[in-house]
Structure formats: C-alpha cells, structure tokens
Amino acid sequence: HREGKCDIFVGNLPYNIDEIQFKDWLEKSGLNGIDFDARLAGDKETGTPRVFGFVSVFNKEHVKSVLKLNGKEFFRRKLVINESKSK
C-alpha cells in the first residue's frame, strides 16, 4: 500500500460492467492524469461482480475529484460515491 491512500466507495454500479470499463469511464469523467486505482467488489464464491466498488487515490487532494462524480450517470445508473470508512 502506498502512503496517503484514500479509498472511495462507489455504489449503484451496473451488474454487467468490468473493471476496464469502470476505469475507462473514470478517466473520461475527470480522473485522467490522476494516480488512481479502481476495483469492483465481487462475490467470492461465484466471481459475479456486485453493484459496488472502490476508487483508491494516492493523494488526498484528488479525493474531491472523485467525489464530484457522485450522482453522475454510468450505463444509465446514477452513482453513489462517498469516502470509505475502512482503513
């Protein structure tokens, strides 16, 4: 883990997307040029993606850029984005 990593919760994701589509959308929606990682939560037994994921940024200054995407549409679903409480 890198110093200063901040995890941001992203909910209401479509079931049928993959991490590549998710990361591509994030870049096109304002995170281009920001050091970030994105991952989808999956069901450990089936491997089926759930409807939430996380975006990790490595500079606290970039948290605001991710939070600005709250309510934006992604595959016709309005995303719910807020800072994760996990450490």
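Here, every reference points to the structure presented above.
Report on the accompanying structure. Please read these numbers as outputs of a predicted model, since none were measured by experiment.

### Concerning the nonpolar core
Residues Leu13, Phe22, Leu26, Leu31, Phe36, Val55 and Val57 are the most contacted members of the largest nonpolar core, which totals 21 residues. For this core, the secondary structure elements donating two or more residues are strand 1 (6–11), helix 1 (19–31), strand 2 (36–42), strand 3 (49–57) and helix 2 (63–67). When residues in this core are grouped by element, the largest group, four residues, is from helix 1. Setting aside anything within four residues of it in sequence, one finds Val55 in contact with Cys6, Asp7, Ile8, Val10, Phe22, Leu26, Leu31, Phe36, Asp37, Ala38 and Val66.

### With respect to the pairing of strand 1
In terms of residue burial, strand 1 counts as a mostly covered element, since five of its six residues are buried. Inspection of the sheet shows strand 1 paired to strand 6 (residues 80–83) by four bridges, in the antiparallel sense. In the sheet register, Ile8 faces strand 6, and the bridge partner there is Glu83.

### Focus on the environment of His62
In this fold, His62 is placed in the loop between strand 3 and helix 2. Not counting the four nearest positions on each side in its chain, His62 is found in contact with Ile34 and Val57.

About the criteria used
- Residues numbered from 1 in each chain as written.
- Predicted model: local features only at pLDDT ≥ 70, side-chain atom pairs only at ≥ 80, totals over all residues.
- Heavy atoms only, no water.
- Core = buried A, V, L, I, M, F, W, Y, C linked by side-chain atoms within 4.5 Å.
- Buried < 20%, exposed > 50% of the residue type's maximum accessible area, 1.4 Å probe, protein only.
- Helix = DSSP H or I, 4+ residues; strand = E, 2+ residues; numbered from the N terminus.
- Contact = heavy atoms within 4.5 Å.
- Pairing = 2+ DSSP bridges.

Interpretation note: all reported values are geometric properties and have no functional meaning in isolation.
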